[in-house]
Structures are given as structure tokens and as C-alpha cells.
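The chain contents come next:
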Protein chains: 2
Amino acid sequence: MAEVKHLVVAKFKEGVVVEEILKGMTELVSTMDMVKSFEWGTDMIGEEMLRQGFTHVFIMTFNNGEDLASYFNHPSHNDFIGTFQAVLENALVFDFPAVVIKAPS
Amino acid sequence: MAEVKHLVVAKFKEGVVVEEILKGMTELVSTMDMVKSFEWGTDMIGEEMLRQGFTHVFIMTFNNGEDLASYFNHPSHNDFIGTFQAVLENALVFDFPAVVIKAPS
């Protein structure tokens with residue numbers, strides 16, 4: 001069964017301390033066994049037009065759709081998501097089974 | 001050194017056969033050793049508002065920024081990118097060193 005990825009591309013409101021948000025995310029995923037991996041980043045190349053105003057990318061990986069659903073339905077996620085949404089100016093969210101064309105060798 | 005990810009969130013023009021595009025991408029990455037992994041997907045949950053019109057996600061992983069640069073500068077990439085851009089209605093591109101908060105155990 002394909003791994004499922006939860007992708008969030010975000011732009012935060014002005015004045016938001018992203019480090020604080022990341023701290024909250026780190027605490028959240030550390031307690032949630034169904035989150036298989038979690039990575040984030042900010043664009044390094046700086047083609048601003050191609051970023052369309054977004055500044056941060058967050059990618060979580062789950063073993064399957066059931067694990068993603070149990071993450072979404074977890075009370076800790078519900079607590080966090082309110083905080084997260086309050087600091088967002090804009091966000092793009094994608095949840096998809098990852099089709100692997102080339103796997104790390 | 002952090003892995004570098006090349007993320008493309010895309011919406012294709014009407015009538016575009018995405019399978020053809022994927023075939024081209026698959027051929028492209030199969031010949032390019034500097035592409036460490038390549039995955040793609042389409043949204044499974046269907047919160048259309050959160051997708052903002054985008055339909056497909058493509059994620060390539062490279063060992064470092066030099067490998068990403070050599071991919072971008074490769075003639076095969078240049079050939080492909082013209083085809084790719086011609087079928088896109090909209091795309092969001094992010095290139096970022098992946099900060100790993102939680103690694104697969």
C-alpha cells in the first residue's frame with residue numbers, strides 16, 4: 001500500500017514567529033506514532049514568482065490513509081490546528097498517496 | 001548536509017493527458033543519476049478549497065544543492081521543461097533543503 005503524504009505550503013501572517021510554530025509542530029509529531037516522518041523547508045533559490053507568495057513547506061508521511069485519518073482526528077492535532085490556522089495568511093494543502101517513480105537506491 | 005527537495009504543485013491545462021507528461025518525467029529521471037528519488041500524487045481527500053485549483057504534486061529529492069543545480073542545467077531537463085511549461089495552467093515551485101524533524105524509524 002502506498003505511503004500517504006500530507007503537504008502544506010504556507011504563508012504566515014506578518015510578525016508571526018515561525019520558530020514558535022515549528023516548536024509546536026515538533027512537539028506534536030513527537031507524541032504521534034502514526035506520523036512516520038516530518039520534514040519542512042523554506043525556498044533556497046528565490047524565484048519568488050514561482051513561489052506565489054508562499055514561504056514554507058511542510059511534508060508529513062504516513063504509512064497509509066488510516067494513519068493519516070487517525071492523525072487528523074487526534075485531539076492533539078485538533079488543539080494544534082486552531083493555533084496554526086490563526087497564524088496563516090494563506091495555505092495550500094494536499095493529501096495524496098505517493099506514487100514512487102524512483103526510489104532512493 | 002541536508003537533502004534538497006524540488007517541489008512542484010501543478011494544474012494542467014484542460015485536455016492535457018497527464019499520463020503522457022508522467023511518462024516523459026519517468027524517462028527523464030530514469031536517465032538522471034543525480035535525481036535521488038521522485039514521487040508524485042493527486043489529492044485524495046478532496047477539500048478543493050485547500051488545493052486552490054491545483055491537481056498534482058511532484059517531489060524530487062537530491063543529495064545536495066549541487067545535484068539539484070546539475071539537474072536544472074542538464075540538457076535533458078531543458079528539453080523537458082519546455083514541454084512541461086506548455087501544458088501547465090498554473091504551477092507553484094519550491095526548492096528547499098529538507099529539515100528533518102522526524103525521520104522514518
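What counts as what
Residues numbered from 1 in each chain as written. Chains lettered and ligands numbered in written order. Predicted model: local features only at pLDDT ≥ 70, side-chain atom pairs only at ≥ 80, totals over all residues. Heavy atoms only, no water. Least-squares fit on C-alpha atoms with pLDDT ≥ 70 in both. Contact = heavy atoms within 4.5 Å. Buried area = accessible area lost by both parts, 1.4 Å probe. Salt bridge = Lys/Arg side-chain N within 4 Å of Asp/Glu carboxyl O. Polar contact = N/O pair within 3.5 Å; in protein donor to acceptor, adjacent residues only side chain to side chain. Helix = DSSP H or I, 4+ residues; strand = E, 2+ residues; numbered from the N terminus. Pairing = 2+ DSSP bridges. Axes fitted to C-alpha atoms, helices over the stretch in contact; angles between N-to-C directions. Phe/Tyr/Trp six-rings, centres within 6.5 Å; stacked < 30°, edge-to-face > 60°. Buried < 20%, exposed > 50% of the residue type's maximum accessible area, 1.4 Å probe, protein only.

Engineer: Which residues make up the relation of the copies chain B and chain A, and what are the values?
Structural biologist: Of the two same-sequence chains, chain B is brought onto chain A (RMSD 0.0 Å, axial shift 0.0 Å) by a rotation of 180°. On this basis, the relationship between the two copies can be described by a two-fold rotation axis. The residues that chain B uses at the interface reappear at the interface of chain A in 100% of cases, marking a shared surface.

Engineer: For the interface of chain B and chain A, give the residues involved together with the corresponding values.
Structural biologist: Residue-level contacts link 45 residues of chain B with 45 residues of chain A. Note on chain B versus chain A: buried area summed over both sides is about 3900 Å², and carbon and sulfur give 66% of it. Three residues stand out in chain B for area buried against chain A, namely Phe94, Ile101 and Lys102 of chain B, and they jointly supply 18% of the buried area on that side. The tally of links from chain B across to chain A stands at 2 salt bridges. With its nearest N and O atoms 3.9 Å apart, the salt bridge here joins Glu39 of chain A to Lys5 of chain B. Inspection of the chain B/chain A interface yields 20 residue pairs in polar contact (both at pLDDT 80 or more). When contributions to the side of chain B that touches chain A are tallied by element, the ones reaching two or more residues are β1 (4–12), α1 (18–30), β2 (37–42), α2 (48–51), β3 (56–62), α3 (65–72), β4 (88–97) and β5 (99–102) of chain B. The element contributing the most residues to the side of chain B that touches chain A is β4 of chain B, with 8 residues.

Engineer: If you had to explain the sheet that holds β5 of chain B to someone new, which residues and values would you point to?
Structural biologist: Strand order in the open sheet formed by 5 strands is β4(A)-β1(A)-β3(A)-β2(A)-β5(B), with antiparallel pairing between adjacent strands. Each end of this open sheet is capped by a strand with a single partner; those strands are β4 (88–97) of chain A together with β5 of chain B. Shown here is a sheet whose adjacent strand axes are inclined to one another by a mean of 20°, direction ignored. Pairing analysis gives 3 bridges linking strand β2 (residues 37–42) of chain A to β5 of chain B, with the strands arranged antiparallel. Paired with Glu39 of chain A across the two strands is Val100 of chain B, which belongs to β5 of chain B. Against the sheet, helix α1 (residues 18–30) of chain A contacts β1 (4–12), β2 and β3 (56–62) of chain A together with β5 of chain B, and its axis sits at roughly 0° relative to β3 of chain A. Across the sheet, helix α4 (residues 75–87) of chain A lies against β1, β3 and β4 of chain A, angled at about 130° from β4 of chain A, the strand it touches most.

Engineer: Quick rundown of the side chain of Arg51 of chain B? Include the residues and the values.
Structural biologist: Looking at the element boundaries, Arg51 of chain B is found in helix α2. There is a polar contact of 3.1 Å between the side chain of Arg51 of chain B and the side chain of Asp43 of chain B.

Engineer: Tell me what's going on with the sheet that holds β1 of chain B, and back it up with residues and numbers.
Structural biologist: Strand order in the open sheet made by the 5 strands is β5(A)-β2(B)-β3(B)-β1(B)-β4(B), with antiparallel pairing throughout. Each end of this open sheet is capped by a strand with a single partner; those strands are β5 (99–102) of chain A together with β4 of chain B. Strand-to-strand twist across the sheet, computed as the mean angle between neighbouring axes with direction ignored, equals 20°. Strand direction decides the pairing type here: β1 of chain B and β4 of chain B, joined by 9 bridges, are antiparallel. Within β4 of chain B, the residue paired with Ala10 of chain B across the bridge is Ala91 of chain B. Packed onto the sheet, α3 of chain B meets β1, β3 and β4 of chain B and runs at close to 40° relative to β1 of chain B.

Engineer: Lay out the packing of aromatic side chains with the relevant residues and their values.
Structural biologist: Residues and elements named next belong to chain A. Following the criterion strictly, the structure yields 14 aromatic pairs over all chains and no others. Measuring from centroid to centroid gives 6.1 Å for Phe12 and Phe84, while their planes differ by 70°, and the two rings are edge-to-face. With Phe12 in strand β1 and Phe84 in helix α4, this residue pair connects regions lying 72 residues apart in the sequence. Like Phe84, Phe12 is buried. Linked through ring pairs, Phe12, Phe38, Phe58, Phe80 and Phe84 together constitute an aromatic cluster.

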